[in-house]
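Close look at the chain arrangement
One letter stands for each residue in the lines below.
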Amino acid sequence: MNLETIVLINKLSLDIKNNEVYLEFKKANEELENSDEVKILSYKKDMAILEYEDNLNHYGKNDEKTFMASRKMGEAIFNLKNHELVKKYNEKLNKLNELLKEIDQELFGEIYD
C-alpha cells in the first residue's frame, strides 16, 4: 500500500469515529455496559440457559422440568431483549451497521459484483 492510500484510510477511520451514528452507538454501548439492571437480567438469562441445558441433558426434551426450564429461559431472554437500554443499543447498532455497509458498498461494491 502506498502512503496516500494509508492516509485516506486513516481519514476515513477518523470520519467514522466522529460520525454522529458512531458516537450515538458508543454512548448506547457505554450505558448498556454500566447498567446494573442489564447485568442482572443478563445473568438471569445465562443461568436460565444453563438450567435448561442441564434439564435437557438429564431429563430429555419432553420432561416437565425441561419444559418449565424452557419457559423460564424464554422469559429471561424476553426480559433482557426488551429492556429499554438493550433496545436502544440494538437500534444504534443497526444504524451503525447500515452506515458501515454503505461505506463498504461504496468502497468495494464493484469488487463484489
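Heads up: the structure comes first, above all this text.
Residues numbered from 1 in each chain as written. Predicted model: local features only at pLDDT ≥ 70, side-chain atom pairs only at ≥ 80, totals over all residues. Heavy atoms only, no water.

Comments concerning the overall build of the protein
Scanning the protein from N- to C-terminus turns up five helices and zero strands. Tracing the protein from N to C terminus, the helices and strands come up as α-α-α-α-α. For 113 residues, the compact-globule estimate of 2.2 N^0.38 gives 13 Å, and the C-alpha radius of gyration of the protein, at 21 Å, exceeds that figure by more than 25%. Expressed along its principal axes, the backbone C-alpha trace of the protein runs to roughly 65 × 35 × 20 Å. Going through the 113 residues of the protein one by one, you find that 20% of them count as buried. In the protein, of all internal contacts separated by at least 6 residues, the share reaching a separation of at least 24 is 65%. When the accessible surface of the protein is summed, it comes to about 9000 Å², and 54% of that surface belongs to carbon and sulfur atoms. The positive charge centre, built from 17 side chains, and the negative charge centre, built from 24, are 5 Å apart in the protein. (Helix = DSSP H or I, 4+ residues; strand = E, 2+ residues; numbered from the N terminus. Rg over C-alpha atoms; globule rule 2.2 N^0.38 Å. Buried < 20%, exposed > 50% of the residue type's maximum accessible area, 1.4 Å probe, protein only. Contact = heavy atoms within 4.5 Å. Areas by Shrake-Rupley, 256 points an atom, 1.4 Å probe, with all protein chains shown as cover. Lys, Arg positive; Asp, Glu negative; His and termini not counted. Charge placed at Lys NZ, Arg CZ, Asp CG, Glu CD.)

Observations concerning the side chain of Asn55
Tracing the sequence through the fold places Asn55 in helix 3 (residues 36-59). Accessibility expressed as a relative area gives 11% for Asn55, which makes it buried. Leave out the neighbours within four places in its chain, and Asn55 touches Gly60, Lys65, Thr66 and Ala69.

Here's the deal with a nonpolar patch on the surface
Judged by side-chain polarity, Met1, Leu3, Ile6, Val7 and Ile9 come together as a nonpolar surface patch covering roughly 550 Å² of accessible area. Among the secondary structure elements, Leu3 is positioned in helix 1 (residues 3-17). (Patch = residues over 30% accessible without salt bridge, like charges linked within 9 Å, V, L, I, M, F, W, Y side chains within 5 Å. Salt bridge = Lys/Arg side-chain N within 4 Å of Asp/Glu carboxyl O.)

Describing the nonpolar core
Core analysis: the largest hydrophobic core is formed by eleven residues, namely Ile16, Phe25, Leu32, Val38, Leu41, Leu80, Val86, Tyr89, Leu96, Leu99 and Ile103. Secondary-structure elements contributing two or more residues to this core are helix 2 (20-33), helix 3 and helix 5 (84-112). Residue contributions to this core peak at five residues, all from helix 5. (Core = buried A, V, L, I, M, F, W, Y, C linked by side-chain atoms within 4.5 Å.)

Overview of the environment of Glu20
For Glu20, the position within the fold is in helix 2. Sequence separation between Glu20 and Leu96 is 76 residues, and the spatial gap between their C-alpha atoms is 9.6 Å.

Digging into helix 1
Compared with the 21 Å implied by 1.5 Å per residue over 15 residues, the 21 Å span of helix 1 between its first and last C-alpha is a close match. Among the residues of helix 1, the N-terminal cap falls to Asn2, whose side-chain oxygen and the backbone nitrogen of Glu4 are separated by 3.2 Å. (Expected span 1.5 Å × (residues − 1). Polar contact = N/O pair within 3.5 Å; in protein donor to acceptor, adjacent residues only side chain to side chain.)

Observations concerning helix 3
For helix 3, built from 24 residues, the straight-helix expectation of 34 Å at 1.5 Å per residue is met to within 8% by its first-to-last C-alpha distance of 34 Å. The set of residues buried in helix 3 consists of Val38, Leu41, Lys45, Ala48 and Asn55. The positive-phi residue at the C-terminal boundary of helix 3 is Gly60, with phi of around 90°.

Digging into the pattern of salt bridges
For the coordinates displayed, the defined rule picks out six salt bridges. For Glu24, the salt bridge identified is with Lys92, shortest N-O distance 3.2 Å. On the criterion of sequence distance, the pair formed by Glu24 in helix 2 and Lys92 in helix 5 is long-range, its members being 68 residues apart. Put simply, Asp46 and Lys45 hold a salt bridge, and the shortest N to O gap is 2.9 Å. Overall, the relative accessible area of 33% leaves Asp46 in the partly exposed class. You can call Lys45 buried: its relative accessible area is 19%.

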